[in-house]
Amino acid sequence: MSTKHEKILQYIESLPVGDKISVRQIAKEMQVSEGTAYRAIKEAENRRLVSSIERVGTIRIEKKKKENIERLTFAEIVNIVDGQVLGGRAGLHKTLNKFVIGAMQLEDMMRYTDAGNLLIVGNRFKAHENALKAGAAVLITGGFDTTENNKRLADELELPIISSSYDTFTVATMINRAIYDQLIKKDILLIEDIYVPIEETASLKITDTIADFHKLNLQTTHGAFPVVTNANKLVGMITVKDVIGKSEYETVDKVMTKNPISGSMKTSVASAGHRMIWEGIDLLPIVNEDGILQGVISRQDVLKALQHAQRQPQHGETIDDLVKSEMKVMGEEDVVVEFTVTPQMTNQFGAISYGAFTTLLSEVGAFALKRRKRGDAVAENMTIYFIKPVQMESVLTVIPHILDMSRKFVKMDFDVFHETTLVGKAMMMFQLLER
């Protein structure tokens, strides 16, 4: 049976894109309390089913695919530029495919403006009108208004006219930054991207017996299964180890591991993998906020996904990407890394920031382990016990030393030099991500 929360989410999902919803309306429609309606709308926002815009309200939006994440809706543009909607509210859910800056003669401007575009322009009323007729939305900079006729036309064509108090350069920079941030998010793999849905995997009910476990084990060759109630709520995990020497007639709830570790759709694959290795588990059940089983991920799925992600071209640059791009590996056998401190990596005093310094050590350590054919590794802890201010544009030399290595952990020491001066010393513990 679905909970009230799930029913509301299903109802929201069934609404046409562009519909406006409110807590009061949902509460009335679904006959639930306003608190329940509010929580469901918040969850719908997290799932990117709706978007809440100041001075506009909450509207049903199209869920963007990962590969199409660099496209923004006009509703998101309103939020980014802190804008006001002057007309065409009904089209806020639509996505724009490019933006055009109107800093030219009207005829030239129209040559570049097509349907689905966003024209960024000042108080040029004729340009607003022509853009709308060409199928484009309009973003007016400098906080200017437009004519009543243009507002009526925007409503008719369901194309938004948005006004922002920022100037054209600032607005274009803000939109670019938002697209850039989304490209970085696109590269972060989440469990929802790789999990095996419940329909494609196997689970056991608490009333099932050890004999049922053996039957399922033969059918699927899986060595572990989630255990659920009749309402599909996760209550345990059962593995081959749990059933050794147990009677065929015993029910699984007697031998299963209760309150198992689980993940959610929005957990990153990297942190799920780290947890699975740390806890020594091969299968992680995935549940929703009500504890209902949604599917599973295996350790193999995680390792495959992480290896695949490393081969993907990067679009957005994070601090980690900037640090990696400045690293030059010098040594053949023993790893020695040369690194240039760029202005983006400095603190308010113009010296290398702690964030860039710790990232540098993590990257050098992980590279040294790869060179030793030890696969992927995650930093478990780090102690920096000596650091001198290093100015921008300095070239550093980082030398890692492996002090101790076991099947699961590696302890490493780092010496950091600027020319011949020792400027940093640190120790790190890595956890090895092995199959």
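A brief report on the enclosed structure follows. Only a predicted model underlies this, so the values are computations on that prediction, with no experimental measurement involved.

Next up on the list: the sheet that holds strand 12 (residues 234-239). A sheet is described by the order of its strands in space; here four strands give the open sequence 10-11-12-13, paired in mixed fashion. With partners counted over all chains shown, the strands left at the sheet margins are strand 10 (204-205) and strand 13 (257-258), one partner each. Taken together, the two bridges between strand 10 and strand 11 (residues 224-228) define a ladder with parallel strand orientation. Among the inter-strand pairings, Lys-205 is bridged to a residue of strand 11, identified as Val-228.

Contact pair helix 6 (residues 125-133) / helix 7 (residues 148-157): the axes reach a minimum separation of 10 Å and the direction vectors enclose 15°. Viewed along their axes, helix 6 and helix 7 adopt a mutual orientation that is roughly parallel. Regarding helix 6 and helix 7, the two cross each other, and that crossing is left-handed. Where helix 6 approaches helix 7, its residues Phe-125, His-128, Glu-129, Leu-132 and Lys-133 are matched on the opposing element by Asn-150, Leu-153, Ala-154 and Leu-157. Split by residue class, the contact of helix 6 with helix 7 holds five nonpolar, two polar and two charged.

Looking now at helix 10 (residues 210-220). Because an α-helix completes one turn every 3.6 residues, residues spaced three or four positions apart along the sequence face the same direction. Of all the positions in helix 10, only Ile-210, Phe-213 and Leu-216 are classed as buried. The arc that holds every buried residue of helix 10, seen down its axis, measures 115°, which confines them to one face. Among the exposed residues of helix 10, those pointing more than 90 degrees away from its buried face are Lys-215, Leu-218 and Gln-219. Elements in contact with the buried residues of helix 10: strand 10, strand 11, strand 12 and helix 11 (240-243).

On to the nonpolar core, then. Within the largest apolar cluster, 28 residues are counted, with the highest numbers of intra-cluster contacts made by Phe-339, Ile-352, Leu-360, Leu-361, Leu-396, Val-398 and Phe-414. Listing elements by their share of this core, those giving two or more residues are helix 14 (319-325), strand 17 (337-340), helix 15 (354-371), strand 19 (395-405), strand 20 (409-418) and strand 21 (421-433). No other element matches helix 15, which puts seven residues into this core. Sequence-distant contacts of Leu-360, defined by excluding residues within four places in its chain, comprise Val-323, Met-327, Phe-339, Leu-396 and Val-398. One finds Phe-74, Ala-75, Val-85 and Leu-118 within the second-largest nonpolar core, a separate group that totals 19 residues.

Here Met-427 shows up in strand 21. Along the primary structure Met-427 and Asn-381 are separated by 46 residues, whereas in three dimensions their C-alpha atoms are 8.5 Å apart. The residues contacting Met-427, other than those within four sequence positions of it, are Asn-381, Met-382, Thr-383, Tyr-385, Leu-403, Lys-411, Met-412 and Asp-413.

Buried residues of helix 6: Ala-127, His-128, Ala-131 and Leu-132, and no others. For helix 6, the angular spread of buried residues about the axis comes to 130°, placing them on one side. On its buried face, helix 6 sits against helix 5 (106-112), strand 6 (117-121), strand 7 (137-140), helix 7 and strand 8 (161-163). Where helix 6 ends, the next residue or the one after it, Gly-135, has phi of about 95°, a positive value.

Overall, the coordinates contain one aromatic pair when judged by the stated rule. Centroid distance Phe-213 to Phe-225: 5.5 Å. Interplanar angle 80°. Geometry classified as edge-to-face. Pair noted here: Phe-213 is in helix 10 and Phe-225 is in strand 11, with a separation of 12 residues, a long-range link. Relative accessible area serves as the criterion here: at 0%, Phe-225 is assigned to the buried category.

On to the pairing of strand 15 (residues 293-298). Of all six residues that make up strand 15, five are buried, and the element is covered over most of its length. In terms of strand pairing, strand 14 (residues 283-287) meets strand 15 through five bridges, oriented antiparallel. Looking at the pairing, Ile-286 lines up with Gly-295 of strand 15. Taking the residues between adjacent antiparallel strands as the criterion, strand 14 and strand 15 are bridged by five residues, where Gly-291 takes a positive phi near 80°.

Our next topic: the sheet that holds strand 8. Read across the open sheet, the five strands follow the order 4-8-7-6-5; overall the sheet is mixed. The strands lining the two open edges of the sheet, one partner per strand, are strand 4 (84-87) and strand 5 (98-101). Neighbouring strand axes in the sheet, compared pairwise and without regard to direction, differ in orientation by 25° on average. Against the sheet, helix 7 contacts strand 4 and strand 8, and its axis sits at roughly 90° relative to strand 4.

Reading the values: the criteria
- Residues numbered from 1 in each chain as written.
- Predicted model: local features only at pLDDT ≥ 70, side-chain atom pairs only at ≥ 80, totals over all residues.
- Heavy atoms only, no water.
- Pairing = 2+ DSSP bridges.
- Helix = DSSP H or I, 4+ residues; strand = E, 2+ residues; numbered from the N terminus.
- Axes fitted to C-alpha atoms, helices over the stretch in contact; angles between N-to-C directions.
- Parallel < 35°, antiparallel > 145°, perpendicular 65-115°, else oblique.
- Left-handed = near helix turned anticlockwise from the far one by under 90°.
- Contact = heavy atoms within 4.5 Å.
- Nonpolar A, V, L, I, M, F, W, Y, C, P; charged D, E, K, R; others polar.
- Buried < 20%, exposed > 50% of the residue type's maximum accessible area, 1.4 Å probe, protein only.
- Arc of directions from axis to C-beta.
- Core = buried A, V, L, I, M, F, W, Y, C linked by side-chain atoms within 4.5 Å.
- Phe/Tyr/Trp six-rings, centres within 6.5 Å; stacked < 30°, edge-to-face > 60°.

The values reported here are purely geometric and, on their own, carry no functional implication.
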